[in-house]
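The chain contents come next:
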Amino acid sequence: MAQIKNLEGLTTDDINRELSQGAKFIVFPYCISIIVMTFRRNSDIYFIKAGEPAVVRGLSFTALSLFLGWWGIPWGPIYTIGSLYTNLTGGKDITQEVLNSMNAANNTAATQEQGGLVNL
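Here the structure is a predicted model, which is why all the values come from computation and not from measurement.

> So, the side chain of S83: which residues are in play, and what are the values?
Positionally, S83 belongs in helix α4 (residues 75-88). Residues in contact with S83, not counting those within four places in the same chain, are P29, Y30, C31 and S65.

> How would you summarise the pairing of strand β3 (residues 29-34) if you had to cite specific residues and measurements?
Note: β3 against strand β4 (residues 37-42), six bridges, orientation antiparallel. What sits directly across from Y30, in β4, is R41.

> Quick rundown of the packing of aromatic side chains? Include the residues and the values.
Counted according to the given criterion, the structure contains six aromatic pairs. Aromatic side chains F28 and F61 sit 6.1 Å apart centroid to centroid with 10° between the ring planes, which places their arrangement in the stacked category. One end of the pair, F28, is in the loop between β2 (24-27) and β3; the other, F61, is in helix α3 (residues 59-68), with 33 residues separating them in the sequence. Seen in terms of ring centroids, Y46 and F61 are 6.3 Å apart; in terms of plane orientation they differ by 70°. Their pairing is edge-to-face.

> An account of a nonpolar patch on the surface is needed here, citing residue identities and associated values.
Taken together, I34, I35, V36, M37 and F39 make up a surface patch of nonpolar side chains, about 510 Å² in accessible area. Relative to the helices and strands, M37 resides in strand β4.

Here is what the cut-offs are and how they apply
Residues numbered from 1 in each chain as written. Predicted model: local features only at pLDDT ≥ 70, side-chain atom pairs only at ≥ 80, totals over all residues. Heavy atoms only, no water. Helix = DSSP H or I, 4+ residues; strand = E, 2+ residues; numbered from the N terminus. Contact = heavy atoms within 4.5 Å. Pairing = 2+ DSSP bridges. Phe/Tyr/Trp six-rings, centres within 6.5 Å; stacked < 30°, edge-to-face > 60°. Patch = residues over 30% accessible without salt bridge, like charges linked within 9 Å, V, L, I, M, F, W, Y side chains within 5 Å. Areas by Shrake-Rupley, 256 points an atom, 1.4 Å probe, with all protein chains shown as cover. Salt bridge = Lys/Arg side-chain N within 4 Å of Asp/Glu carboxyl O.

Keep in mind that these numbers describe shape and distance, not what the molecule does.
Here's what the structure looks like:
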């Protein structure tokens, strides 16, 4: 899983409380083009607390796409417009995917612990 930013100093209980109040896990797409090659990528995952404007967190990725995304033909303009739209509307919400991944990791760890206890 990608690194999750903006979680510093938060406990699991803090994160769950924030999520119940409307916090989200967001990625911001960006686009970089070099003449005939266009690269479309996502940022690391950002934890956006309830009430915090996600658009502000994505401004650097918006600027990156705005200045470096257009130059590839034909996908540069297409991907750049998509990235700008997504970032200016708050990024891509991947909260459910992150929670599913965390639950799967916790289930795997619990299964391994139980398996270890049975083998003793």
